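Here's the letter readout for the chains.
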Amino acid sequence: MSNTLKIGLPKGSLQDATIKLFAKSGWKINLHHRNYFPDVNDEELTISMCRAQEMAKYVEDGVLDVGMTGKDWILENNSDVVEVSSLVYSKVSNRPARWVLAVSGDSPYEKPEDLAGKKIATELLGVTKRYFEEKGIDVEVFYSWGATEAKVVEGLCDAIVEVTETGTTIKAHGLKIIDDVMLTNTRLIANKDSWNDSWKRKKIENINLLLQGALKAEKMVGLKMNMPKDVLEKAMKVMPSLNSPTVSDLSDPKWVSVEIMIEEVAVRELIPELIDMGAEGIIEYPLNKVI
């Protein structure tokens, strides 16, 4: 096999978030108008933009060595691929998305069993059929080609199975969620033959390492400050850190420089507390990767 890795990235809603994630990981991807094959600053990579719904099939067939798609579409296509890792990111909330069973807000249906004999519209056809079969509920499931939420409103079906991150769109269409069908998030998947090729496997593992590092950094920041040496022990008790804080002596023997990496949400509580202890010159900075 040649030392080139063919990687598929998802078009559509996750496209921008994926390109941003790769940029933070060290790969600059340049899209071209109406072109499915962007440039990347790595001679060992070739990139194809594909619909997430089709990605697992291309990877399974060897058209691509590796790709990024949802757990939902791997299950939908019953794809025989290697799941390298889970990548929890999204266009909105950086948390797993949900496929939900939803009905009209004013309908009498309150639980899945209430839909026996009814019509269900969805893009996730196979998973939805298996969901109702496992519950022993006889329904008619048909494929939705888009605007799925509107089909309930228009009376074309009794319920839908649709993906949502926050539930806002579902509620905006006057619908109510009566059950969760499945949780899903993006997975890095590999073709089995490619995974067994030593060079390609190492390249995939390196990409995964840096992607995971970039994702971990999304919720973290670095803090650097000077503080009196005699309050250091007290300060270390209130400073959450990935590991122990980095402490360096300053030219003034009574002062030290302290650097930590912490969850961003902790900063708003921590900085005032550190100032009260005598810390000065506090600098907060973003992180690209934490590995």
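The model shown is predicted, which means the values in this text are computed figures rather than measured ones.

Chemist: Give a description of the overall build of the protein chain that names residues and reports values.
Modeler: From N to C terminus, the protein chain includes ten helices and 16 strands. Its C-alpha atoms give the protein chain a radius of gyration of 24 Å, more than 25% over the compact-globule value 19 Å for 291 residues. Along the three orthogonal principal directions, the C-alpha set of the protein chain runs to about 80 × 55 × 35 Å. Expressed as a percentage of its 291 residues, the buried residues of the protein chain come to 46%. By sequence separation, contacts in the protein chain at least 24 residues apart represent 69% of the contacts at least 6 residues apart.

Chemist: Before we move on, can you summarise the packing of aromatic side chains with the specific residues and values?
Modeler: Across all of its chains, the model carries four aromatic pairs by this definition. An angle of 65 degrees between the planes, with centres 6.1 Å apart, marks the rings of Phe-22 and Trp-27 as edge-to-face. Of the two residues, Phe-22 and Trp-27, both sit in the buried class. A ring pair is formed by Trp-73 and Trp-99, whose centres lie 6.0 Å apart and whose planes are at 85 degrees; its orientation type is edge-to-face. Linking Trp-73 in helix 3 (residues 71–76) with Trp-99 in strand 7 (residues 97–104), this pair joins segments that are 26 residues apart in sequence.

Chemist: An account of the domain arrangement of the protein chain is requested, with residue identities and associated values reported.
Modeler: Accessible area lost on assembly of the parts is the figure often given for the size of an interface. Taken as a whole, the protein chain is organised into domain 1 (5–90 + 185–217), domain 2 (98–183) and domain 3 (219–286). The centre of domain 1, based on its C-alpha atoms, is set 29 Å off from the matching centre of domain 2. Contacts between the two partners involve nine residues from domain 1, matched on the other side by nine residues from domain 2. Together domain 1 and domain 2 conceal approximately 710 Å² of surface at their shared face, both sides included; 49% is due to carbon and sulfur atoms. Summed over the shared surface of domain 1 and domain 2, the result is one salt bridge. Across the pair Arg-51 and Glu-123 runs a salt bridge, and its minimum N-O distance is 3.8 Å. Across the domain 1-domain 2 interface, the total number found is six residue pairs in polar contact (both at pLDDT 80 or more). With five residues, helix 3 is the single largest residue contributor to the side of domain 1 that touches domain 2. Looking at the side of domain 1 that touches domain 2 residue by residue, the classes come out as two nonpolar, three polar and four charged.

Chemist: Pulling in residues and values, what's your account of the UniProt feature "domain: Histidine biosynthesis HisG C-terminal" (unreviewed entry) in the protein chain?
Modeler: Per the UniProt record, the feature "domain: Histidine biosynthesis HisG C-terminal" (unreviewed entry) sits at residues 217–289. Its end C-alpha atoms 5 Å apart, residues 217–289 is made of 23% helix and 40% strand.

Chemist: Could you give me a rundown of the sheet that holds strand 9 (residues 140–143), with the residues and numbers involved?
Modeler: Read from one edge to the other, the open sheet built from five strands follows the order 9-8-10-7-11, with strand pairing classed as mixed. Sheet topology places strand 9 and strand 11 (175–184) at the edges, where each strand pairs with a single neighbour. Across the sheet, the axes of successive neighbouring strands diverge by a mean angle of 25 degrees, strand direction being ignored. Summarising the sheet, strand 8 (residues 119–122) and strand 9 pair through four bridges and their orientation is parallel. By the bridge assignment for strand 9, Lys-119 is matched with Glu-140.

Chemist: Can you explain unusual backbone geometry? Please cite residues and give values.
Modeler: Positive phi is not limited to glycine here, since Asn-78 has a value of about 50 degrees. Mapping Asn-78 onto the fold places it in the loop between helix 3 and strand 6 (82–87). Residue Asn-78 is classed as exposed on the basis of its relative accessible area of 57%. Its identity as a non-glycine residue notwithstanding, Ala-147 has a phi of 50 degrees, on the positive side. Residue position: Ala-147 is located in the loop between strand 9 and helix 5 (148–153). Its relative accessible area of 55% is what places Ala-147 among the exposed residues.

Chemist: Could you give me a rundown of helix 10 (residues 267–277), with the residues and numbers involved?
Modeler: Every buried residue belonging to helix 10 is among Val-267, Leu-270, Leu-274 and Met-277, and all of these are buried. Angularly, the buried residues of helix 10 cover 90 degrees about the axis, an arc narrow enough to put them on a single face. Facing away from the buried surface of helix 10 by more than 90 degrees, the exposed residues are Arg-268, Glu-269 and Asp-276. The inward-facing, buried residues of helix 10 abut strand 13 (220–228), helix 9 (232–236), strand 15 (255–263) and strand 16 (280–286). In the segment just after helix 10, Gly-278 is the residue with positive phi, at about 110 degrees.

Chemist: So what's going on with the pairing of strand 14 (residues 246–249)? Residues and values would help.
Modeler: When strand 14 meets strand 15, the two strands line up antiparallel, connected through four bridges. Its bridge partner being in strand 15, Asp-249 is matched across the sheet by Val-256. Counted between consecutive antiparallel strands, the loop separating strand 14 from strand 15 contains five residues.

Basis of the calculations
- Residues numbered from 1 in each chain as written.
- Predicted model: local features only at pLDDT ≥ 70, side-chain atom pairs only at ≥ 80, totals over all residues.
- Heavy atoms only, no water.
- Helix = DSSP H or I, 4+ residues; strand = E, 2+ residues; numbered from the N terminus.
- Rg over C-alpha atoms; globule rule 2.2 N^0.38 Å.
- Buried < 20%, exposed > 50% of the residue type's maximum accessible area, 1.4 Å probe, protein only.
- Contact = heavy atoms within 4.5 Å.
- Phe/Tyr/Trp six-rings, centres within 6.5 Å; stacked < 30°, edge-to-face > 60°.
- Domains from an automatic or database assignment.
- Buried area = accessible area lost by both parts, 1.4 Å probe.
- Salt bridge = Lys/Arg side-chain N within 4 Å of Asp/Glu carboxyl O.
- Polar contact = N/O pair within 3.5 Å; in protein donor to acceptor, adjacent residues only side chain to side chain.
- Nonpolar A, V, L, I, M, F, W, Y, C, P; charged D, E, K, R; others polar.
- UniProt positions renumbered as here; feature names shortened; annotations may be inferred.
- Pairing = 2+ DSSP bridges.
- Axes fitted to C-alpha atoms, helices over the stretch in contact; angles between N-to-C directions.
- Arc of directions from axis to C-beta.

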